[in-house]
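So the chains spell out like this:
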Amino acid sequence: MKNDFFIKPVVFISLFLTIFTIGIGLLYPMGHPNRALGTYPQALLFAISLVFLIRTFTSNVMQKNGVHYSLLLFNMMILSYGIFTMDIYRIAVLTYAFLSFYVFYYLAYKDYLRQSHIRNMAVILLIFYTYVTYVGIGHRTEMYGEYFLRADNTGYNLLFLIPIFAMNFISKKNIFMALFSFLLIALSFKRGAMLLGAIVLILMLIQLLNIYRRANENKKEIAFAFILIIAISIYGISEYWSILSYRFTNDPTLSGRLNFYDWIYNGWLNGTWLNHLFGFGLYQVIEFLGNIYYIPIYAHSDWLELLYDHGILGIVLYSFICLTLITQKNNIKFYAPDLYWPYLMTMVIFFIKSIYSGIYINKDSIILMMTIAFIFGNANKNQSRMYLQDTNG
């Protein structure tokens, strides 16, 4: 009971800090003095995550899998680079999202963090994102004449919410909110988010088919939702194809990505053998591109960011994270089958976004890590309970 008294409030504190940090980033643009307010809750959540990382690895009863160890190694690499270069502040910035895995896993495994908690958080964030998308459409129209000529990064954030709503598609409200999220992604005109959204939408349709096959009740509602989604998708694509495809056909350099991808790779290649193995250090790719563009620019790719900053070591440790996420897929399917399709969605978003946008370099990825941690926490909790039943039975 004493343990409950101290841990239960952590659920609401952690969710509040997450919402507050993301909200500050949405309401205040880069360079605004009030944007710095988001660093304080971010630092507090970083500290809480460190506490629960220690609690997880010092517990004899807490089940752990390969993802726990791969994330630990990755965070230790960032920590080592930060201490070595005396760049302590950036340690929290770069490990904030990944380190949060431990607090949300612990809370889910111990049954303190419930699906309703993160679903309510997702609804609050959806309201934020709706407002920001609305304001963004007006701003882009005023600045460029047409709202579809430029993109809004909110599209990626909305992608992170869909697996949370997909955890319970028996509820029609969750289906509606997932579809509304897809609409806002389309209105963001962020190419990467739109492509990923199309893949996630296909997974969502497959999930609905599986729910339909297993359901004894609400089969008509599920079938109606499935048909409605396809009908809306076909209508939207056929009616607005010229607008939806505009940014794909009118920007051959992908917002300059092809140019600085080439510069980053060649910059790493022209380094010493030590640079090849260990990179140039924290945030050095931003310094490198800043000297070319005269403004700070990150790599827009985890893999290139890691290659330049941390060399082959960074690539190997990040690959370890990806491999451990993949190897846990069947474990999720067996011990938490209702969360299997949402987990596939998170993996698709994680892997593809890491290639051309970034996960660990984006603080909003905490939503994705929270979802992964919650799914693992429930699967491992169920596995432990089944083991105890078998040994006691």
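Residues numbered from 1 in each chain as written. Predicted model: local features only at pLDDT ≥ 70, side-chain atom pairs only at ≥ 80, totals over all residues. Heavy atoms only, no water.

Participant: Please clarify how the overall build of the protein should be interpreted in this entry.
Facilitator: Looking only at helices and strands, the protein has 17 helices and zero strands in total. Looking at the 393 residues of the protein, the share that counts as buried comes to 51%. In the protein, the proportion of contacts linking residues at least 24 apart, taken out of those at least 6 apart, comes to 77%. Here the protein has roughly 19,000 Å² of accessible surface; of this, 66% comes from carbon and sulfur atoms. (Helix = DSSP H or I, 4+ residues; strand = E, 2+ residues; numbered from the N terminus. Buried < 20%, exposed > 50% of the residue type's maximum accessible area, 1.4 Å probe, protein only. Contact = heavy atoms within 4.5 Å. Areas by Shrake-Rupley, 256 points an atom, 1.4 Å probe, with all protein chains shown as cover.)

Participant: Can you walk me through the nonpolar core in this structure?
Facilitator: Taken as a class, soluble globular proteins show a tendency for nonpolar side chains to be buried jointly. Of all hydrophobic cores here, the largest spans 121 residues; its most connected members are Phe 74, Phe 98, Phe 101, Tyr 318, Phe 350 and Ile 367. Aside from chain neighbours lying at most four places away, what touches Ile 367 is Ile 22, Met 121, Leu 125, Tyr 129, Phe 160, Leu 161 and Ile 164. (Core = buried A, V, L, I, M, F, W, Y, C linked by side-chain atoms within 4.5 Å.)

Participant: Which parts of the structure should I look at to understand unusual backbone geometry?
Facilitator: Of all residues except glycine, most have a negative phi; of all peptide bonds, most are trans. Of note in this structure, Asp 111 is not a glycine but carries a positive phi near 70 degrees. Owing to a relative accessible area of 27%, Asp 111 belongs among the partly exposed residues under this scheme. Even without glycine at this site, Tyr 283 takes up a positive phi of about 60 degrees. Structurally, the position occupied by Tyr 283 is in the loop between helix 12 (273–278) and helix 13 (284–293).

Participant: What exactly am I supposed to notice about the packing of helix 6 (residues 154–165) against helix 16 (residues 340–356) here?
Facilitator: Each packed pair of helices is defined by two parameters, the angle between the axes and the distance between the axes. At their nearest, the axes of helix 6 and helix 16 sit 8 Å apart, and the two run at 160 degrees to each other. One finds that helix 6 runs roughly antiparallel with respect to helix 16. Across from Tyr 156, Leu 159, Phe 160, Ile 162 and Pro 163 in helix 6, the residues of helix 16 making contact are Pro 342, Met 345, Thr 346, Ile 349, Lys 353 and Tyr 356. In terms of residue class, the contact of helix 6 with helix 16 is made up of nine nonpolar, one polar and one charged. (Axes fitted to C-alpha atoms, helices over the stretch in contact; angles between N-to-C directions. Parallel < 35°, antiparallel > 145°, perpendicular 65-115°, else oblique. Nonpolar A, V, L, I, M, F, W, Y, C, P; charged D, E, K, R; others polar.)

Participant: Looking at this structure, how should I read helix 4 (residues 88–109)?
Facilitator: An α-helical turn contains 3.6 residues, so a residue and the one three or four places further along point in the same direction. Compared with an ideal rise of 1.5 Å per residue, which puts 22 residues at 32 Å, helix 4 spans 31 Å between its outermost C-alpha atoms and is within 8% of the ideal. Of all the bends in helix 4, the largest measures some 65 degrees and sits at Tyr 96. When you tally the buried positions in helix 4, you get 18 out of 22 residues, the bulk of the element. Just beyond helix 4, the residue with positive phi is Asp 111, at close to 70 degrees. (Expected span 1.5 Å × (residues − 1). Bend = angle between axes of the 7 residues up to and from the residue.)

Participant: Teacher, can you tell me more about the environment of Pro 337 here?
Facilitator: Within the secondary structure, Pro 337 is located in the loop between helix 15 (329–335) and helix 16. For the pair Pro 337 and Ala 379, spaced 42 residues apart in sequence, the C-alpha separation works out to 8.6 Å.

Participant: In this structure, what is going on with the packing of aromatic side chains? I would like to understand it.
Facilitator: In the structure shown here, the tally under the stated rule is 24 aromatic pairs. Plain terms: the ring middles of Phe 334 and Tyr 335 are 4.7 Å apart, the flat faces sit at 85 degrees to each other, and that makes the pair edge-to-face. The buried category is assigned to Tyr 335, whose relative accessible area is 19%. Among the aromatic residues, those joined into a ring-pair cluster are Phe 57, Tyr 69, Phe 101, Tyr 102, Tyr 105, Tyr 109, Tyr 343 and Phe 376. Above the plane of the ring of Tyr 156 lies Lys 353, whose end atom (NZ or CZ) is 4.8 Å from the centre. (Phe/Tyr/Trp six-rings, centres within 6.5 Å; stacked < 30°, edge-to-face > 60°. Lys NZ or Arg CZ within 6 Å of the ring centre and 35° of its normal.)

Participant: Would you take a moment to explain a nonpolar patch on the surface for this structure?
Facilitator: Side chains of Trp 273, Leu 274, Leu 277, Phe 278, Ile 312, Leu 313 and Val 316 sit close together on the surface and give an oily, nonpolar patch of about 640 Å² of accessible area. On the basis of relative accessible area, Phe 278 is assigned to the partly exposed category, the value being 40%. (Patch = residues over 30% accessible without salt bridge, like charges linked within 9 Å, V, L, I, M, F, W, Y side chains within 5 Å. Salt bridge = Lys/Arg side-chain N within 4 Å of Asp/Glu carboxyl O.)

Participant: Looking at this structure, how should I read the side chain of His 68?
Facilitator: Within the secondary structure, His 68 is located in helix 3 (residues 66–84). Taking relative accessible area as the criterion, His 68 reaches 0% and is therefore assigned buried. The contacts of His 68, once residues within four sequence positions are left out, are Thr 56, Phe 57, Gln 63, Phe 101, Tyr 102 and Tyr 105.

Participant: Help me understand the environment of Tyr 261 in this model?
Facilitator: For Tyr 261, the location among the structural elements is in helix 11 (residues 257–269). Taking the relative accessible area as the measure of exposure, Tyr 261 reaches 19% and is therefore buried. It is 7.3 Å that separates the C-alpha atoms of Tyr 261 and Leu 304, two residues lying 43 residues apart in sequence.

Participant: Help me understand the pattern of salt bridges, please; the structure alone is not making it clear to me.
Facilitator: Proximity of charged atoms lets side chains of opposite charge pair with each other. Evaluated as defined, the whole model comprises two salt bridges. Across the salt bridge formed by Asp 111 and Arg 114, the nearest N and O atoms sit 3.6 Å from each other. Overlapping salt bridges bring together Asp 111, Arg 114 and Lys 381 as one network.

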